[in-house]
Amino acid sequence: YHNVMLKLERRFNLPLAISIADEMVKIAAINGDLNKEASSHKNLSRYYGAMGHDLQTISHLDKALKLYERTGNQSSIINTKIAIQEQRLNYQPIEEILPDLESLLEQAIENKDSANITLLYLRLITYTQQAGQYDKMEEHVSYMEKYPLSDPIKPKQYGMAIHAALGRADLFMFRKNY
């Protein structure tokens, strides 16, 4: 099911991908697999979000969060909370959401959750810039500039390095340091 669902997603046949993901939720629930059930809800939230159905998106993110909380998977809990906060950007000012994202960053750092730490720093570069909080943006850019790159550099690391460089360039531009 999972591979078929991903192929449908790539073809942007989201209604059919939704029906498969719904079935995956049911099968996971029957089998008592909380992680699979939660990840299927996250997939559903992505599909509904891409189609502009905000209520369905939030509903599935909330279901995923409750399931992840039952598993105790801290990384997935934080990642789902990030998605919920980003969904709030559709109807709340960014300044109201930034403290919650900063709090999630602190939790990720405390848990030594490198995937969510990196995700949050990357997102916070953009969000603090949009909010005009350049001092905070400076902190996030500085972290990304220190991120260790492998030799040879991996494709994902290109994106991180580019975000850091663009963030630094934007800071120079905003502060007229060029």
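Residues numbered from 1 in each chain as written. Predicted model: local features only at pLDDT ≥ 70, side-chain atom pairs only at ≥ 80, totals over all residues. Heavy atoms only, no water.

Chemist: How should I be thinking about the nonpolar core in this particular structure?
Modeler: In summary, soluble globular proteins display a tendency toward joint burial of nonpolar side chains. Ranked by size, the top nonpolar core spans 24 residues in total, and within it Leu-101, Leu-120 and Met-144 carry the most contacts. The set of elements that each furnish at least two residues to this core consists of α5 (74-88), α6 (94-110), α7 (114-130), α8 (134-146) and α9 (155-175). Per-element accounting of this core gives the leading share, eight residues, to α7. Ala-17, Ile-20, Tyr-47 and Tyr-48 belong to the second-largest nonpolar core, a separate cluster that totals 11 residues. (Core = buried A, V, L, I, M, F, W, Y, C linked by side-chain atoms within 4.5 Å. Buried < 20%, exposed > 50% of the residue type's maximum accessible area, 1.4 Å probe, protein only. Helix = DSSP H or I, 4+ residues; strand = E, 2+ residues; numbered from the N terminus.)

Chemist: Help me out: how do you make sense of the packing of aromatic side chains in this one?
Modeler: The geometry of two aromatic rings is summed up by the distance between their centres and the angle between their planes. Using the criterion set out here, one finds two aromatic pairs in the structure. On the basis of an interplanar angle of 15° and a centroid distance of 3.8 Å, the ring pair of Tyr-121 and Tyr-143 is categorised as stacked. Remark: Tyr-143 occurs in helix α8 and Tyr-121 occurs in helix α7; sequence separation between them is 22 residues. (Phe/Tyr/Trp six-rings, centres within 6.5 Å; stacked < 30°, edge-to-face > 60°.)

Chemist: I tried to follow unusual backbone geometry on my own but got confused; where do I start?
Modeler: Of all residues except glycine, most have a negative phi; of all peptide bonds, most are trans. Of note, the phi angle at Lys-112 is positive, near 55°, even though the residue is not glycine. Under the relative-accessibility criterion, Lys-112 is labelled exposed at 71%.

Chemist: Please explain the packing of helix α2 (residues 14-31) against helix α3 (residues 34-50) as it appears in this structure.
Modeler: Packed helices, taken two at a time, are described by the angle their axes make and the gap between the axes. Their axes nearest at 8 Å, the elements α2 and α3 cross at an angle of 160°. Comparing the axis directions of α2 and α3 gives the class roughly antiparallel. The chirality of how α2 crosses α3 is left-handed. Residue-level inspection shows Leu-14, Ala-17, Ile-18, Ala-21, Asp-22, Met-24, Val-25, Ala-28 and Ala-29 of α2 in contact with α3, the latter providing Lys-36, Glu-37, Ser-40, His-41, Leu-44, Tyr-47, Tyr-48 and Ala-50. Considering only residue class, the contact of α2 with α3 consists of 12 nonpolar, two polar and three charged. (Axes fitted to C-alpha atoms, helices over the stretch in contact; angles between N-to-C directions. Parallel < 35°, antiparallel > 145°, perpendicular 65-115°, else oblique. Left-handed = near helix turned anticlockwise from the far one by under 90°. Contact = heavy atoms within 4.5 Å. Nonpolar A, V, L, I, M, F, W, Y, C, P; charged D, E, K, R; others polar.)

Chemist: What's the story with the pattern of salt bridges in this structure? I'm lost.
Modeler: Side chains that carry opposite charge are capable of pairing whenever their charged atoms lie near each other. According to the stated counting rule, one finds five salt bridges in the structure shown. Note that Glu-86 and Arg-123 form a salt bridge whose closest N and O atoms lie 2.7 Å from each other. Highlighted residues: Glu-86 in helix α5 and Arg-123 in helix α7, separated in sequence by 37 residues. By relative accessible area, which is 32% here, Arg-123 ends up partly exposed. Each of Glu-138, Glu-145 and Arg-168 takes part in one network of salt bridges that share partners. (Salt bridge = Lys/Arg side-chain N within 4 Å of Asp/Glu carboxyl O.)

Chemist: In this structure, what is going on with a nonpolar patch on the surface? I would like to understand it.
Modeler: On the surface, Tyr-158, Ile-162 and Leu-166 cluster together into a nonpolar patch covering about 310 Å² of accessible area. Here Tyr-158 shows up in helix α9. Assessed through its relative accessible area of 45%, Tyr-158 is described here as partly exposed. (Patch = residues over 30% accessible without salt bridge, like charges linked within 9 Å, V, L, I, M, F, W, Y side chains within 5 Å. Areas by Shrake-Rupley, 256 points an atom, 1.4 Å probe, with all protein chains shown as cover.)

Chemist: Honestly, the packing of α5 against α7 in this entry has me stumped. Any pointers?
Modeler: Look at α5 against α7: their axes get within 11 Å of each other, and the N-to-C directions meet at 15°. The angle between α5 and α7 places the two elements in the roughly parallel class. Along this stretch, α5 crosses α7, giving a crossing that reads as left-handed. Taken together, the residues of α7 that come into contact with α5 (itself represented by Ser-75, Ile-78, Asn-79, Ile-82 and Glu-86) are Asn-116, Leu-119, Leu-120, Arg-123 and Tyr-127. Split into classes, the residues belonging to the contact of α5 with α7 amount to five nonpolar, three polar and two charged.

The values are spatial; any link to function lies outside them.
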